[in-house]
Amino acid sequence: MTDSSPVILIAHDVLERITADAASFAGRKERGGILIGLRRGPHIEIRDATLPMRWDFSTFISFRRSPRGHQSVALRRWRESSHTLDWVGEWHSHPEKHPRPSSIDLRSWRAAVEGRGAPMVFVIVGYAAKWVSLAIPGSLRPIEYRQSETSSAGIAFVDMSQAAKS
Ligand SMILES: [Zn+2]
């Protein structure tokens, strides 16, 4: 793995929280929210996540996040952290064991990344596994990431193709 290959680090409590939330609504509703963290060079460290809020709309097969609520949480965390913690990604759940992004997911992620002009992390929580990816402005598809190392800081995810090479 080269030094420039971005690593995604997700704090344990964030993974536990979104997994538990998705599981408690499994088979009834999709869930989702935003991922809040910091950028260290090309790397992204996720420290917090929002859960669905009352303005969001969800069914068994869809989750539509309203910017209301999530945006103000992101802004508050940004201010409180002296502008280090920011909105760095999004997560949502799927009613499938091994989730894959839908064409709607890919379209909405691309719009989010182009709007932000910086790489963002997108996570889908399934029944048995998570789909973790990094989307980069200007590229059509996000890069699929795979779980690599676990430490006290969290679980590191790396580019699958890079991991296979090393
Ligand atoms: Zn989806």
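Chemist: I'd like a rundown of helix 3 (residues 103–116), residues and numbers included.
Modeler: Along an α-helix, a turn takes 3.6 residues, which lines up residues three or four apart on a common side. For helix 3, built from 14 residues, the straight-helix expectation of 20 Å at 1.5 Å per residue is met to within 8% by its first-to-last C-alpha distance of 20 Å. Listed as buried for helix 3 are Asp105, Trp109 and Val113. The arc that holds every buried residue of helix 3, seen down its axis, measures 60 degrees, which confines them to one face. Turned more than 90 degrees away from the buried face of helix 3 sit Ser103, Ile104, Arg107, Ala111, Glu114 and Gly115, all of them exposed. Positive phi shows up at Gly117, right after helix 3, with a value of about 70 degrees.

Chemist: I'd love a proper account of the environment of Leu134, names of residues and values included.
Modeler: Mapped onto the elements, Leu134 comes out in strand 8 (residues 130–135). For Leu134 and Leu35, which are 99 residues apart along the polypeptide, the C-alpha to C-alpha distance reads 12 Å. In this structure, Leu134 is in contact with Pro6, Ile8, Pro119, Val121, Pro142, Ile143 and Tyr145, ignoring residues within four places of it in sequence.

Chemist: Account for the sheet that holds strand 10 (residues 154–159), with residues named and values stated.
Modeler: In spatial order, the strands read 1-3-2-6-7-8-9-10; together these eight strands close into a barrel with mixed pairing. Pairs of neighbouring strands in the sheet enclose a mean axial angle of 35 degrees, with direction left out of account. In terms of strand pairing, strand 7 (residues 120–125) meets strand 8 through six bridges, oriented antiparallel. If you follow Phe122 over to strand 8, its bridge partner there is Ser133. Here helix 1 (residues 12–24) sits on the sheet in contact with strand 1 (8–10), strand 3 (43–49), strand 6 (86–93), strand 7 and strand 10, set at roughly 55 degrees to strand 3.

Chemist: I'd love a proper account of the pairing of strand 9 (residues 143–151), names of residues and values included.
Modeler: The pairing of strand 8 with strand 9 spans three bridges and is classified as antiparallel. Pairing of Leu134 across the sheet is with Ile143, part of strand 9. Following strand 9, the chain reverses through two residues before pairing antiparallel with strand 10.

Chemist: Explain the environment of Asp86 residue by residue, including any values.
Modeler: In this fold, Asp86 is placed in strand 6. Given 18 C-beta atoms within 10 Å, Asp86 falls into the partly exposed group. When the C-alpha positions of Asp86 and Ala74 are compared, they lie 6.2 Å apart, and in sequence the two are twelve residues distant. If we skip the residues at most four places from it in the chain, Asp86 touches Ile36, Leu38, Ala74 and Trp78.

Chemist: Account for the nonpolar core, naming residues and giving values.
Modeler: Ile8, Leu35, Ile36, Ile46, Val88, Val121 and Val123 are the most contacted members of the largest nonpolar core, which has 34 residues in total. Here the element with the most residues in this core is strand 7; it accounts for six residues. Contacts of Val121, omitting those with residues within four sequence positions, involve Ile8, Leu35, Ile44, Ile46, Val88, Gly89 and Leu134.

Quick notes on the rules
Residues numbered from 1 in each chain as written. Predicted model: local features only at pLDDT ≥ 70, side-chain atom pairs only at ≥ 80, totals over all residues. Helix = DSSP H or I, 4+ residues; strand = E, 2+ residues; numbered from the N terminus. Expected span 1.5 Å × (residues − 1). Buried ≥ 20, exposed ≤ 12 C-beta atoms within 10 Å, placed from the backbone. Arc of directions from axis to C-beta. Contact = placed C-beta atoms within 7 Å. Pairing = 2+ DSSP bridges. Axes fitted to C-alpha atoms, helices over the stretch in contact; angles between N-to-C directions. Core = buried A, V, L, I, M, F, W, Y, C linked by C-beta atoms within 7 Å.

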